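Residue-level structure breakdown
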Amino acid sequence: MGIGQKVRSLHCGFQQGLGFEVIAEENVILLKNVPFELEDIVTKWIAALPTELMSGPDALVKLYPTEGLALTESGWSAFVSWMTETLNSAQHEPNFPLKARQSAKNSAQ
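Rules used in this analysis
Residues numbered from 1 in each chain as written. Predicted model: local features only at pLDDT ≥ 70, side-chain atom pairs only at ≥ 80, totals over all residues. Heavy atoms only, no water. Helix = DSSP H or I, 4+ residues; strand = E, 2+ residues; numbered from the N terminus. Buried < 20%, exposed > 50% of the residue type's maximum accessible area, 1.4 Å probe, protein only. Contact = heavy atoms within 4.5 Å. Pairing = 2+ DSSP bridges.

On to the environment of tryptophan 45, then. Topologically, tryptophan 45 is positioned in helix H2 (residues 39-48). Assessed through its relative accessible area of 11%, tryptophan 45 is described here as buried. Sequence-wise, tryptophan 45 and methionine 83 are 38 residues apart; in three dimensions their C-alpha atoms are separated by 9.6 Å. Ignoring any residue separated from it by four or fewer positions in sequence, one finds tryptophan 45 in contact with Leu60, Leu71, Gly75, Ala78, Phe79 and Trp82.

Take a look at the structure:
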């Protein structure tokens, strides 16, 4: 993991907070600034969004010519809601205790 990834990491750098910034008078988080561990997940979540959520004044995602792809505050909120729902659902899967134990063991090593 490089320095840039560590700074954006949930594990190492998250205490600094999320990297929201104002672009074109809107508070957004650039895809390159989301927590490193979530970058691929956010990218795939964005790809699954319907096109009507990708444009207009209520867009969840914006593309800025020089800065790149960004989630609006509403977009980040929608992503966190989806992620929370997904994690809550995973806890009801029959193999959840086994997966949780194995993940904890892998992280401790």
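That covers the picture; the talk isn't over yet.
The subject of this paragraph is the pairing of strand S1 (residues 20-23). With four bridges joining them, S1 and strand S2 (residues 26-30) adopt antiparallel strand pairing. Bridging from a neighbouring strand, phenylalanine 20 pairs with isoleucine 29 of S2. Joining the antiparallel neighbours S1 and S2 is a turn of two residues, in which alanine 24 adopts a positive phi near 50°.

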